[in-house]
Amino acid sequence: MAEKQAKKKEITEFKNFPEFLAAYQTKKQLPQVFIYASTDSFEFDLVTDVYRTDLTSNGEPLEIVVYVAESGDFEKLFSEMFNFSMFSSQKLLIIRSGADFFKAILTAGKKEMYDSFRRNIPSLAEKVYVLLHYD
């Protein structure tokens, strides 16, 4: 029986926005999942603008969904990430206040939800982009 090998994901770290912008302009390809870790949100907003501009420039419809740390947002995110949209071929999911957002699933009572999320994240659709501001 042949085993499927998971595609190895390449993780790239950027020290600041100019470094990210230079890498993007060289490759002309945006990371599908982008995690920004800082208490300052200015550069995260700049990265968000780069994604919006790039994803709308190809003429395909783009659905943008912004999440904050409100009750029920994680379940909505999970649904948006793994279901196709009837109205657009691309999705940009923006998560603000990531520490508060993910705090709910990291509690002991939500272990199944966390495990399910970890299992399913590699099967993220090709035209779904996730930007996370982890403060």
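Before reading on, note that the structure itself is shown above.
In this text the structure is predicted, and so the values were computed from the model without any measurement.

About the cut-offs
- Residues numbered from 1 in each chain as written.
- Predicted model: local features only at pLDDT ≥ 70, side-chain atom pairs only at ≥ 80, totals over all residues.
- Heavy atoms only, no water.
- Helix = DSSP H or I, 4+ residues; strand = E, 2+ residues; numbered from the N terminus.
- Buried < 20%, exposed > 50% of the residue type's maximum accessible area, 1.4 Å probe, protein only.
- Patch = residues over 30% accessible without salt bridge, like charges linked within 9 Å, V, L, I, M, F, W, Y side chains within 5 Å.
- Areas by Shrake-Rupley, 256 points an atom, 1.4 Å probe, with all protein chains shown as cover.
- Salt bridge = Lys/Arg side-chain N within 4 Å of Asp/Glu carboxyl O.
- Pairing = 2+ DSSP bridges.

Draft legend 1. Expanded view of unusual backbone geometry. Despite not being glycine, Lys28 has its phi angle at roughly 55°, a positive value. Inspection of the secondary structure puts Lys28 in the loop between α1 (17-27) and β1 (33-37). Taking the relative accessible area as the measure of exposure, Lys28 reaches 59% and is therefore exposed. Unusually for a residue other than glycine, Ser97 sits at a positive phi of about 55°.

Draft legend 2. Layout of a nonpolar patch on the surface. Where nonpolar side chains cluster on the molecular surface, the patch consists of Val33, Ile35 and Tyr134 and spans about 290 Å² of accessible area. Inspection of the secondary structure assignment puts Ile35 in strand β1.

Draft legend 3. Representation of the pairing of strand β3 (residues 90-95) within the structure. Of all 6 residues in β3, 6 are buried, a share of seventy percent or more. What you see with β3 is no split at all: Gln90, Leu92 and Ile94 on one side and Lys91, Leu93 and Ile95 on the other are buried throughout. Bridge count for strand β2 (residues 62-67) against β3 is 6 bridges, and the pairing is parallel. The residue of β3 that forms the bridge with Val65 is Leu93. Summarising the sheet, β3 and strand β4 (residues 128-134) pair through 5 bridges and their orientation is parallel. Within β4, the residue paired with Ile94 across the bridge is Leu131.

Nothing here speaks to function; it is geometry throughout.
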